[in-house]
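Architecture at a glance
Residue strings, one per chain:
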Amino acid sequence: MSVMTAADHRIPNDHAANLADPAAYADGRIHETYRWLRRNEPFGVAEIEGVDPFWVAVKHEDILEISRQNDLWHNGDRNPVLTSKIADQKVREMMGGSPHLLRTLIHMDAPDHLKYRALTQAWFMPQSLKRLEDRIRVIARAAVDKMAAKGGECDFVNEVALHYPLHVIMTILGVPESDEPRMLRLTQELFGATDPELGRRSADADKPPQERQMDFSVITDFFEYFRRLSESRRANPTDDLASVIANSTVDGQPISDLEAMSYYIIVATAGHDTTSSSTAGALWALAENPAEFRKVKADPSLIPGLVDESIRWTTPVKTFMRTATADTEVRGRAVRQGDWLMLCYASGNRDEDVFEAPDTFRVDRSPNKHLAFGYGAHLCLGQHLAKMEMRILWEELFPRLKSVEIAGTPALSEAFFVNGPKRLPIRFEMA
C-alpha cells in the first residue's frame, strides 16, 4: 500500500477548530467532531491558526498502539498539552530552551519517567491503598451526611463531588484541611484556565485559548505553597506523601526544586480533579437514566461497573500530545520525525468498533476497555485510588439515596485538556 502524505488527510477547518475550542468540549460539539473523524478521517492533520499542525488519533486501536510505543512517541520532546506557537516560545524563553513550565511524570520519557514514577508508585498500589480504605470510608460517609443535610436539593459538583476526593488526596499528601479551599481554587484555575468562570482573571483573557491553557501566575502560586511545605518536610519528615517527595533522590542525588514542585502539583491537582469529574458525571448520567439508577440501587455488585462506565463516559483527560521520534507510518500515512500528534481519549472511549451503543450509559457494560487512564508506560499512577474512592462513595450513598433528578441546568467546564462537570443541580430524596 502506498504511503499517503499529510496534505492528503487535512481535517476540515470546522472540525479542526473544535479540537482546540474549549467551548466545543462544554457544549458537546467535540463529540460530533469525533464521530465525523472516526467515520471519515480517523488519522488526519489539523491545521489551526497560531498552532503547529498536528496529527489527530481518534480510534481506540490507534490510541492503544501509539500509547504502547513509548520509544517511538515521546511525551517530553514538546509540550504534551496542546499549546500555541507564541506560548511555546514564551515557555522556552523562561525555561532555558525547555518546552516545559513543569516537569511532571507526563512531561518525562525513559529513563527518567520510570525513575520518578518509582518514587511514589508504592503508595498508589492496591495493597497499599487497602490500609487507607477505612479512613476513606469515614470521609465518604461525611460527604453523604453533608449531602443529606442539604434538604433534598444541592449542586452536587460544588457541594459534594469536588470536596470528597480533594479531602482524600490532601490527607494522603499531608496538606492541612484548612488549606484545601486554596488547593481547590488553584486546581480549578490551572485546569480551567480557558473557562470564563473558573479561570483566573488576567491580562491574557482575550488571547486564544491555546495561549491561556497554562496560567503562569497559578503555577507560581502553587510553587510558593509547596516550597514551604517541602522545606517543612525536609526539616521534619512525617508519614505523608509530601515527605516522600521532599526527601526523594534519583541516581543518588536529591531531585531538583522544579521536579519536586512539579510532583506536588500533579498529585495535588490530577489526584482529585479527575475523580471529582467522573463522580459528578456518574450522578448526572444516573439522574438522566432512572432505569440505570434502579439497576445499581437494586444490585450493589454493579458498583464497580458503574465506576468504570462513569470514567469512560466522562473521560476527564480529553487529550494528550505526543511527538514522533522517528519516521513512521499510521494507517498508511507517513508521519515524520518531530511531528506532533493528539491522542483523543474521549473519542476512543466512544469508538463504535469497540463499544456497543457507545453514547448510551450502561452501569453493567461489559467488557469496558476504556482508555481514560491512558495506556502503556504512562498509565495513570492514581487509577486504583480513583476507582476505590468512587466505589466507597457509592457504597455509602446508594443505600440512602432513594431518588435523584436534574433540578436545573448542568454545565461542563470549557477546556480541551482536562474537563468535566462544573455545575450539577439535583433534587433528591434520602432515606
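Please refer to the structure higher up on the page.
Keep in mind the model is a prediction, meaning the values are calculated, not measured. Counting from 1, residues in each chain are numbered in the order their sequence is written. Reporting of local features is limited, given that this is a predicted model, to residues whose pLDDT is at least 70; pairs of side-chain atoms are given and counted only at 80 or more, and all residues count toward the totals for whole chains, interfaces and linings. Excluding hydrogens and water, the side-chain figures rest on all heavy atoms present in the structure.

**Notes on the nonpolar core**
Under the convention used in this document: Nine residue types can take part in a nonpolar core, namely buried Ala, Val, Leu, Ile, Met, Phe, Trp, Tyr and Cys, and a core is a set of them joined through side-chain atoms within 4.5 Å. The buried label applies to any residue whose accessible area, calculated with a 1.4 Å probe on protein chains only, is under 20% of its type's maximum; exposed applies above 50%, and partly exposed to all values in between. In this description a helix means any DSSP run of H or I spanning at least four residues, a strand means any run of E spanning at least two, and both kinds are numbered starting from the N terminus. Pairs of residues are marked as contacts when any of their non-hydrogen atoms sit within 4.5 Å.
Within the largest apolar cluster, 112 residues are counted, with the highest numbers of intra-cluster contacts made by F156, L173, M183, F226, W394 and L401. Here this core takes 14 residues from helix α15 (residues 257–288), the largest share from any one element. With residues up to four places along the chain from it excluded, the contact list for W394 reads F156, T279, A282, L283, I303, L306, V307 and P399. Membership of the second largest hydrophobic core comes to 22 residues, among which are A20, L37, F54 and V58.

**A few points about the pattern of salt bridges**
Operational definition: We define a salt bridge as a contact between a side-chain nitrogen of Lys or Arg and a carboxyl oxygen of Asp or Glu at a distance within 4 Å.
Considering all chains together, one arrives at 43 salt bridges under this definition. Notably, a salt bridge pairs R10 with E47, separated by 2.8 Å at the nearest N-O pair. Of the two residues, R10 sits in the segment before α1 (13–19) while E47 sits in the loop between β1 (43–46) and β2 (54–57), which places them 37 residues apart along the sequence. We classify R10 as partly exposed; its relative accessible area is 39%. Taken together, the salt bridges that share partners define one network made up of E133, R137, R141, R391, E395 and E396.

**Focus: the packing of aromatic side chains**
In this description, a pair of aromatic rings is defined by centroid distance and the angle of the planes. Here is the rule we go by: When the centres of two rings from Phe, Tyr and Trp lie within 6.5 Å, Trp using its six-membered ring, the rings pair. Their planes under 30 degrees apart give stacked, over 60 give edge-to-face, and anything left gives tilted.
What the rule picks out here adds up to 11 aromatic pairs. Relative to W55, the ring of F43 has its centre 4.8 Å away and its plane inclined at 15 degrees; by these criteria the two rings are stacked. With F43 in strand β1 and W55 in strand β2, this residue pair connects regions lying 12 residues apart in the sequence. Summarising the burial analysis for this pair, F43 and W55 share the class buried.

**What to know about the sheet that holds β2**
The strands making up a sheet are joined through hydrogen bonds of the backbone, oriented either antiparallel or parallel. Filter applied, for reference: Two strands pair if DSSP finds at least two bridges between them. Angles run from 0 to 180 degrees between N-to-C directions of axes, and those axes are lines fitted to C-alpha atoms, restricted for helices to the stretch in contact.
The sheet built from 5 strands is open, its strands ordered β1-β2-β10-β7-β3 with mixed pairing. Strands with a single pairing partner mark the edges of an open sheet, and in this sheet they are β1 and β3 (73–74). Two elements, β1 and β2, share 4 bridges in a ladder whose sense is antiparallel. Residue pairing for β2: V45 is matched across the bridge by W55. Where helix α4 (residues 60–68) meets the sheet, its contacts fall on β1, β2, β3 and β10 (340–344), and the angle it forms with β10 comes to roughly 125 degrees.

**Thoughts on the environment of K130**
Inspection of the secondary structure assignment puts K130 in the loop between α7 (126–129) and α8 (133–148). On the basis of relative accessibility, which here comes to 60%, the residue K130 falls in the exposed class.

**Side note on the sheet that holds strand β4 (residues 153–155)**
Read from one edge of the open sheet, 3 strands run β4-β14-β11, paired in antiparallel fashion. At either end of the open sheet lies a strand with only one pairing partner, and these are β4 and β11 (401–406). The sheet shows a mean angle of 30 degrees between the axes of neighbouring strands, direction not considered. Summarising the sheet, β11 and strand β14 (residues 425–430) pair through 5 bridges and their orientation is antiparallel.

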